[in-house]
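The primary structure of each chain is shown beneath.
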Amino acid sequence: MAMIVDLIFQLFQMTLVIAVAPLLTGLVRVTKARLLRRKGPPLLQSYRDLVRLARKEAIVADTASWLFRFVPYLVFAATWVAAALVPTFATGLLFSWSADLIAIVALLGAARFFLTLAGMDVGTSFGGIGSSREALFGAMAEPAMIVIVFTLALVAGSTQLSTVAAYMVSSNVGLRVSLAMALVALVIVALAENGRIPVDNPATHLELTMVHEAMILEYSGRHLAIIELAAMLKLVLYVSLIACVFVPWGLAIADASVSARLVGAVAYLAKLGLAGVALAVFETSIAKMRVFRVPDFVGAALMLGFLGALLLFVSRTLK
Amino acid sequence: MKGLSFDVAHLLAGGLVLISFLLLYQTRLYALLNVFALQAVVLSLSVAWQAYVQGADHLYLTALFAFAFKAIIIPVALHRIIAELGIHRDVENVVGVGLTMLGGLALVALSEVVMLRIASDAGVLAREDLAFALSVVLLGMLMMVVRRNAVSMVVGFMSLENGLILAATAAKGMPLVVEISVAFSVLVALVVIGVFLFRISERFETVDAHALDRLRGRRG
């Protein structure tokens, strides 16, 4: 019986993240438009876009191989599984014990690998540019992410996200400069991974500096809808990751009652809303970077992660 | 209380090391000066916390000196010098930012390994501050090595001196006379450096230190 309840909550989380993903992207778009004193699209426009794309005919280039058709589903599946592993409203859900933070990084890395392959598959020059840039940024962002994972694991004693989140909720965290560094590093990595403004501009595909949009330029119809949904899901995943580690308040700890989990769900939605508005404000107030400055920017995340781990090492040796 | 006093000291000293990295990362001169002023503020907070923990009142005076000289007087003076020389351009690094960062990380790791072993019989707070102080000193030296602009070399030198103050406060029983004389010697150094900067820019029409290589008869 308990198994079935756990399974139900796990399925609830998986539907929740996917249902809320277009809403978060829509919220960011609306807030950005309002900050620019434009009216902006309605909040639910992202859902309509996805439905419209899914209904349209998918046109595949003559030069595309079988890989091109498979990649959207692969990317979406990997991202969705990764999102199912992050504690959103409660820790200790059924799936969370099967994989840890390193597995989540690996899943996202696999998704990135296949997307870059698909970008090069058709053989247009734009796809190649996008893929090479994505690989460049990924080569900086992934080590940074791994170092952040090490920092968190040193603090909480586990790479298991449920354990980390439960430790962060408890009062014995204390005041740690390493965690602040890890937070800043994680935010930088999240911005780079989701192609948000200092790194890539998600609102246009008419720029020579585009990265993600360049890779998926050849996709149309349902393939494009799936890839867009996966990108929205990735944003939710990173926001949930930051929320469950650094703002875990309201999170229901494992074996909590149903009502505690409902409170957790409400708190989670509030956190997503706040994060969406904060992201929109940040993106409006900053200019996009030159592509060759991005490795410096993401390298700062790597440096912060390393420094955080070093400082943690010092304080652990001394105590 | 024990845990909290250590955590706050760790936070402030770790912040100093972090700001040293920000100095290395920063590529604009005015922003560099602002970050340097921030480092001085964090340093004075750190010294004041040591004064509170050790119960040593004269350290409050050191904190005050550090704040007045390094967070206000020196940045303002350097601002004026830059405005006077008309050199508010980007700073040029000898090597890339990424390589500098890696070098900096290696230096921090080195100083942690060395200091945690050497000072093993000192108190916890002292060991921890000494380890971070050595990192700040080494990062300041790294900054003087990797920058070509004379003004940012000066900033590197001053941040190196921040590390020395941190080390001095961590070691108990440093007499006040020594600290005051160190603080004033930094001011004297600022005056001397200011004069040199003007002389260099007069003679070579730039503060790029590579221009000085001409004195040796070849350009590096």
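1. As for the overall build of chain A
Turning to step 1, where the next piece is worked out: Across its full length, chain A holds 11 helices and zero strands.
Turning to step 2, where the next piece is worked out: The linear arrangement of helices and strands in chain A, starting from the amino end, is α-α-α-α-α-α-α-α-α-α-α.
Turning to step 3, where the next piece is worked out: Here chain A has a C-alpha radius of gyration of 20 Å; the compact-globule value for 319 residues is 20 Å, and the two agree.
Turning to step 4, where the next piece is worked out: Each principal axis of the C-alpha atoms in chain A carries an extent, and together these give about 60 × 45 × 45 Å.
Turning to step 5, where the next piece is worked out: The buried share among the 319 residues of chain A stands at 47%.

2. What about the overall build of chain B?
Turning to step 1, where the next piece is worked out: Scanning chain B from terminus to terminus reveals seven helices and zero strands.
Turning to step 2, where the next piece is worked out: Secondary structure elements of chain B occur, N-terminal to C-terminal, as α-α-α-α-α-α-α.
Turning to step 3, where the next piece is worked out: The C-alpha radius of gyration computed for chain B amounts to 18 Å, which stays within 12% of the reference 17 Å derived for 220 residues, consistent with globular compactness.
Turning to step 4, where the next piece is worked out: Principal-axis analysis of the C-alpha atoms places the extent of chain B at approximately 55 × 35 × 25 Å.

3. Brief notes about the packing of helix α2 (residues 29-54) of chain B against helix α3 (residues 58-85) of chain B
Residues and elements named next belong to chain B.
Turning to step 1, where the next piece is worked out: Two elements in contact, α2 and α3, have axes separated by 8 Å at closest approach and are oriented at 175 degrees. Classified by the interaxial angle, the pair formed by α2 and α3 is roughly antiparallel.
Turning to step 2, where the next piece is worked out: Looking at side-chain class alone, the contact of α2 with α3 contains 19 nonpolar, five polar and one charged residues.

4. Observations regarding the environment of Leu 154 of chain A
All names here are of chain A.
Turning to step 1, where the next piece is worked out: Its location among the elements puts Leu 154 in helix α5 (residues 125-156).
Turning to step 2, where the next piece is worked out: Classification of Leu 154 by C-beta neighbours within 10 Å gives partly exposed; the count is 16.
Turning to step 3, where the next piece is worked out: Between the C-alpha atom of Leu 154 and that of Leu 312, which follows or precedes it by 158 residues, the distance is 7.5 Å.
Turning to step 4, where the next piece is worked out: Ignoring any residue separated from it by four or fewer positions in sequence, one finds Leu 154 in contact with Ala 309 and Leu 312.

5. What about the packing of helix α4 (residues 101-121) of chain A against α5 of chain A?
Think of two packed helices as two axes; the pair is described by the angle between the axes and how far apart they sit.
Residue and element names in this part refer to chain A.
Turning to step 1, where the next piece is worked out: For the pair α4 and α5, the least separation of the axes is 9 Å and the interaxial angle reads 170 degrees. It follows that α4 is roughly antiparallel to α5 by the angle criterion. Together, Leu 101, Ile 102, Val 105, Gly 109, Arg 112, Thr 116, Gly 119 and Met 120 of α4 and Gly 127, Gly 128, Gly 130, Ser 131, Glu 134, Ala 135, Gly 138, Glu 142, Met 145, Ile 146 and Val 149 of α5 make up the contact between the two elements.

6. Digging into the interface of chain A and chain B
Turning to step 1, where the next piece is worked out: Counting residues at the interface gives 17 residues for chain A and 23 residues for chain B.
Turning to step 2, where the next piece is worked out: Ranked by residue count, the leading element in the side of chain A that touches chain B is helix α11 (residues 294-318) of chain A, at 13 residues.
Turning to step 3, where the next piece is worked out: For the side of chain A that touches chain B, the class distribution of residues is 12 nonpolar, four polar and one charged.

7. With respect to helix α5 (residues 124-146) of chain B
An α-helical turn contains 3.6 residues, so a residue and the one three or four places further along point in the same direction.
Turning to step 1, where the next piece is worked out: Taking 1.5 Å per residue as the helical rise, α5 of chain B with its 23 residues ought to reach 33 Å, and the 33 Å between its terminal C-alpha atoms agrees with that figure.
Turning to step 2, where the next piece is worked out: When you tally the buried positions in α5 of chain B, you get 18 out of 23 residues, the bulk of the element.

8. Some details on the environment of Val 178 of chain B
Residues and elements named next belong to chain B.
Turning to step 1, where the next piece is worked out: Relative to the elements of secondary structure, Val 178 occurs in helix α7 (residues 176-204).
Turning to step 2, where the next piece is worked out: With 10 C-beta atoms counted inside 10 Å, the residue Val 178 sits in the exposed group.
Turning to step 3, where the next piece is worked out: Taking C-alpha positions, Val 178 is 24 Å from Val 17, a pair spaced 161 residues apart along the chain.

9. A word on the nonpolar core
All names here are of chain A.
Turning to step 1, where the next piece is worked out: Ranked by internal contacts, the top residues of the largest apolar core, which has 160 residues, are Ala 144, Val 189, Val 236 and Leu 307.
Turning to step 2, where the next piece is worked out: Per-element tally for this core: the top contributor is helix α9 (residues 221-246), with 18 residues.
Turning to step 3, where the next piece is worked out: Once you skip the residues sitting within four places of it in the chain, Val 189 turns out to touch Ala 141, Ala 144, Met 145, Ile 148 and Ala 301.

10. Thoughts on helix α6 (residues 150-170) of chain B
Turning to step 1, where the next piece is worked out: Its 21 residues place the ends of α6 of chain B 31 Å apart at the C-alpha level, agreeing with the 30 Å of an ideal helix rising 1.5 Å per residue.
Turning to step 2, where the next piece is worked out: Within α6 of chain B, 16 of the 21 residues are buried, leaving the element largely enclosed by the surrounding structure.

11. Quick look at the environment of Ile 146 of chain A
Residue and element names in this part refer to chain A.
Turning to step 1, where the next piece is worked out: Locating Ile 146 in the fold gives a position in helix α5.
Turning to step 2, where the next piece is worked out: Classification of Ile 146 as partly exposed rests on a count of 17 C-beta atoms within 10 Å.
Turning to step 3, where the next piece is worked out: Once the C-alpha coordinates of Ile 146 and Gly 276 are considered, the two residues, 130 residues apart in sequence, prove to be 25 Å apart.

12. Quick notes on the confidence of the model for chain B
Residue and element names in this part refer to chain B.
Turning to step 1, where the next piece is worked out: Summarising the model, chain B shows a mean pLDDT of 82, and 92% of its residues fall at 70 or more.
Turning to step 2, where the next piece is worked out: Between the elements of chain B, mean pLDDT differs from a low of 80, seen in α7, to a high of 90, seen in α2.
Turning to step 3, where the next piece is worked out: Taken over the whole predicted complex, pTM reads 0.88, whereas the ipTM for its chain interfaces reads 0.77.

Conventions and cut-offs
Residues numbered from 1 in each chain as written. Chains lettered and ligands numbered in written order. Predicted model: local features only at pLDDT ≥ 70, side-chain atom pairs only at ≥ 80, totals over all residues. Helix = DSSP H or I, 4+ residues; strand = E, 2+ residues; numbered from the N terminus. Rg over C-alpha atoms; globule rule 2.2 N^0.38 Å. Buried ≥ 20, exposed ≤ 12 C-beta atoms within 10 Å, placed from the backbone. Axes fitted to C-alpha atoms, helices over the stretch in contact; angles between N-to-C directions. Parallel < 35°, antiparallel > 145°, perpendicular 65-115°, else oblique. Nonpolar A, V, L, I, M, F, W, Y, C, P; charged D, E, K, R; others polar. Contact = placed C-beta atoms within 7 Å. Expected span 1.5 Å × (residues − 1). Core = buried A, V, L, I, M, F, W, Y, C linked by C-beta atoms within 7 Å. pLDDT = per-residue confidence, 0-100.

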